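Structural overview for review
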Amino acid sequence: MTDTATTRALAHPGLDEIRLETVLHALSDPIRLSIVRDLAATPDELACSYFDLPVTKSTTTHHFRVLREAGVVRQVYRGTAKMNGLRGPELESLFPGLLDSVLAAAAAEEARLAR
């Protein structure tokens, strides 16, 4: 049971509302892709403050909102922290192999550009 005194609900799309084009749009931005890569690297939820992004706080909020509304991440308040978790299993059930392919391509691009 969730303690409503320490959590506030945020709207998330149900599985039937998540669309491929919206997910692809959310993943097309380098900042959002870096957030997803960090979330994919850990089974834990991460606070928004964990991410050291080269943008303003309001722009960071925008990026997280795009990811949440696309169905890529799940966000929940824990106290004053907004925690983020990747909706990997849900995305895998809708679009098999998509997230793994995008993450592998991002890692390959990072390696190629580092050479």
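Residues numbered from 1 in each chain as written. Predicted model: local features only at pLDDT ≥ 70, side-chain atom pairs only at ≥ 80, totals over all residues. Heavy atoms only, no water.

Bringing the pairing of strand E2 (residues 73-78) into the picture now. The side chains of a regular strand alternate between both faces of the sheet. Only one face of E2 is buried, namely the one carrying Val73, Gln75 and Tyr77, since none of Arg74, Val76 and Arg78 on the opposite face is buried. The pairing of E2 with strand E3 (residues 81-86) spans six bridges and is classified as antiparallel. Directly across from Gln75, in E3, lies its bridge partner Asn84. Between E2 and E3, which follow one another and run antiparallel, lie two residues, and Gly79 among them has a positive phi close to 65°. (Buried < 20%, exposed > 50% of the residue type's maximum accessible area, 1.4 Å probe, protein only. Helix = DSSP H or I, 4+ residues; strand = E, 2+ residues; numbered from the N terminus. Pairing = 2+ DSSP bridges.)

Within the fold, Ile35 resides in helix H2 (residues 30-40). Look at Ile35 and you get buried, because its relative accessible area is 0%. Between the alpha carbons of Ile35 and Val73 there is a distance of 9.7 Å; along the sequence they are 38 residues apart. Residues within four places of Ile35 in sequence aside, it is in contact with Phe51, Leu53, His63, Phe64 and Leu67. (Contact = heavy atoms within 4.5 Å.)

So, on to the packing of H2 against helix H3 (residues 57-70). With their axes 10 Å apart at the nearest point, H2 and H3 run at an angle of 70° to one another. In terms of orientation, H2 lies roughly perpendicular with respect to H3. By crossing handedness, the relation of H2 to H3 is classed as right-handed. In contact with Ile31, Arg32, Ile35 and Val36 of H2, H3 contributes His62, His63, Phe64, Val66 and Leu67. (Axes fitted to C-alpha atoms, helices over the stretch in contact; angles between N-to-C directions. Parallel < 35°, antiparallel > 145°, perpendicular 65-115°, else oblique. Left-handed = near helix turned anticlockwise from the far one by under 90°.)

Turning to the environment of Ala70, a few remarks are in order. Residue position: Ala70 is located in helix H3. Each residue touching Ala70, except ones within four places of it in the same chain, is listed here: Pro13, Ile18, Thr22, Val23 and Ala26.

Okay, the pattern of salt bridges next. In the structure shown here, the tally under the stated rule is six salt bridges. A salt bridge links Arg37 to Glu110; its shortest N-O distance comes to 3.2 Å. Of this pair, Arg37 sits in helix H2 while Glu110 sits in helix H5 (residues 98-114), and the two are 73 residues apart along the sequence. The class of Arg37 is partly exposed, set by a relative accessible area of 25%. One network of salt bridges, with partners in common, ties together Arg74, Arg87 and Glu90. (Salt bridge = Lys/Arg side-chain N within 4 Å of Asp/Glu carboxyl O.)

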